[in-house]
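Structural overview
Okay, here's what each chain looks like letter by letter:
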Amino acid sequence: MSGPVALVAVDVGNTAVKLSIEPLAPSEGASFKLVHAFKLDRANWPAAIVQWAQSTAAASKLSLEQSHWLISSVQRRAAEKLRKQIAQSIPSTTLQQITHHDVPMKMRIDAPGSLGIDRLLSAFAAQNRFKTPLVIVDAGSAVTVDYVNASDEFCGGAILPGLNLQTNALATGTDALPPIDWTDTPSLRIPGKNTSEAIQLGVLTSVTAAIDRLVQAYENETQQGDEVTVVLCGGDAPVISGWVQHTHTVQPELVLEGLCDLVRPPK
Ligand SMILES: Nc1ncnc2c1ncn2[C@@H]1O[C@H](COP(=O)(O)OP(=O)(O)O)[C@@H](O)[C@H]1O
Ligand SMILES: CC(C)(COP(=O)(O)O)[C@@H](O)C(=O)NCCC(=O)O
Ligand SMILES: [K+]
């Protein structure tokens, strides 16, 4: 079906692929964005992604044949599988895998080419929407806590294991500890009164206390101890939000926003 050209943004993480679809030129039709997540442990996820894009585009009267796909990936094998599937199913489409060279942001780190592109894109999106200095927390497979200074420069950050990685490590590294399902946001007693509660309390505290401590440490880096704006993104942002003490905003799909900002800078 032909129609306005679709802009498809794809964030390939280590747990899931997140995808958004919208008109490339919003003035050509209603401005909207549809977002979906596909877990990498789902059978045949590349085909499921293409199917979702095809049916979403058709329902929204967008052209997928002429679509423009922007890919952010920190999982090379998954990105390769997805690129092959797209090239096979929609050969006329334009595919662009984003690198740090494509992101107009100054980086004050040792090796820009080694930085996870998701970290740079979420920082770029946050900087386009919020006042700097900024701390960007991306809570996915790993939790990253990054700092953008008042001159809009990406200054680096911290990486720690995410909620699932931490609880999987406990479950596989011990005999007695069970796996934990984080889909229910826990209302925990302090101290924990059973094994699951104790694990959840420990892991949530390890992640969120680290975030608060790092925010404080980055604040010491600012001019005259300026307050920093804290933004949370990633699949586990809603779970950790209630436990992060520093004032913050939850903006779940910052990586996808950063990709879209590359072709359509926000005003
Ligand atoms: N619909 C969903 N699909 C996948 N993960 C989800 C979803 N909703 C919440 N989550 C949580 O988000 C986490 C993955 O976050 P995400 O930011 O996608 O990670 P990554 O970028 O490492 O792939 C999962 O561990 C899970 O706890
Ligand atoms: C830190 C990450 C594993 C986070 O990935 P995610 O949790 O989003 O799947 C990813 O950004 C990455 O592979 N980074 C490369 C090393 C670096 O950023 O320094
Ligand atoms: K992450």
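Going by an unreviewed UniProt entry, the chain carries the name Type III pantothenate kinase and comes from Novipirellula herctigrandis. Regarding the chain, the relevant UniProt record gives this comment under Subcellular location (unreviewed entry): "Cytoplasm". According to the UniProt record, the Sequence similarities (unreviewed entry) comment for the chain reads "Belongs to the type III pantothenate kinase family."

Turning our attention to the site of ligand 2. Near ligand 2, the surroundings consist of G13, N14, V74, S114, L115, G116, D118, R119, G140, S141, A142 and T144. Note that an oxygen atom of ligand 2 is positioned 2.8 Å from one of the side-chain N or O atoms of N14. Side-chain polar atom of R119 to an oxygen atom of ligand 2: 2.7 Å apart, as the coordinates give it. Listing elements by their share of the shell around ligand 2, those giving two or more residues are α3 (117-129) and β7 (142-148). When its residues are assigned to classes, the shell around ligand 2 shows three nonpolar, seven polar and two charged.

Let's shift gears to the sheet that holds strand β4 (residues 63-73). Reading across the sheet, the five strands line up as β3-β2-β1-β4-β5 and stay open at both edges, with mixed pairing between neighbours. Two strands bound the open sheet, and with one partner strand each, they are β3 (34-39) and β5 (94-97). Averaged over all neighbouring strand pairs, the angle between strand axes comes to 20 degrees, with direction disregarded. Both strand β1 (residues 5-12) and β4 contribute to a ladder of seven bridges, which runs parallel. Residue pairing for β4: A9 is matched across the bridge by L70.

T15, K18, S141, N164 and D236 are the nearest of the 13 residues found near ligand 1. S141 is positioned such that a nitrogen or oxygen atom in its side chain is 2.5 Å from an oxygen atom of ligand 1. About the coverage of ligand 1: the protein hides 74% of its 560 Å² of free accessible area. Of all the elements in the fold, those that place two or more residues in the shell around ligand 1 are β2 (16-23) and β3. Here the shell around ligand 1 is composed, by residue class, of two nonpolar, eight polar and three charged. For the shell around ligand 1, the domains that each give at least three residues are domain 1 (5-97) and domain 2 (104-259).

What follows is about the UniProt feature "binding site: substrate" (unreviewed entry) in the chain. As recorded in UniProt, the feature "binding site: substrate" (unreviewed entry) lies at G116, I117, D118, R119 and T195. The annotated residues occupy 80 residues of the chain and do not converge on a single region, their most distant C-alpha atoms lying 36.9 Å apart. Turning to its location among the elements, D118 is positioned in helix α3. Those residues in contact with D118 that lie beyond four places of it in its chain are S72, V74, D138 and V255.

With that settled, the discussion passes to the sheet that holds strand β9 (residues 229-233). Spatial ordering of the open sheet is given by β8-β7-β6-β9-β10, a layout of five strands whose pairing is mixed. Two strands in the sheet have a free side with no partner beyond their single neighbour: β8 (154-161) and β10 (249-250). Note: strand β6 (residues 134-139) against β9, five bridges, orientation parallel. Each residue of the ladder has a partner; that of V135, found in β9, is V230. In the packing of α3 onto the sheet, contacts are made with β6, β7, β8 and β9, and the angle to β8 comes to roughly 125 degrees.

Criteria and thresholds
Residues numbered from 1 in each chain as written. Chains lettered and ligands numbered in written order. Predicted model: local features only at pLDDT ≥ 70, side-chain atom pairs only at ≥ 80, totals over all residues. Heavy atoms only, no water. UniProt positions renumbered as here; feature names shortened; annotations may be inferred. Near = heavy atom within 4 Å. Polar contact = N/O pair within 3.5 Å; in protein donor to acceptor, adjacent residues only side chain to side chain. Helix = DSSP H or I, 4+ residues; strand = E, 2+ residues; numbered from the N terminus. Nonpolar A, V, L, I, M, F, W, Y, C, P; charged D, E, K, R; others polar. Pairing = 2+ DSSP bridges. Axes fitted to C-alpha atoms, helices over the stretch in contact; angles between N-to-C directions. Areas by Shrake-Rupley, 256 points an atom, 1.4 Å probe, with all protein chains shown as cover. Domains from an automatic or database assignment. Contact = heavy atoms within 4.5 Å.

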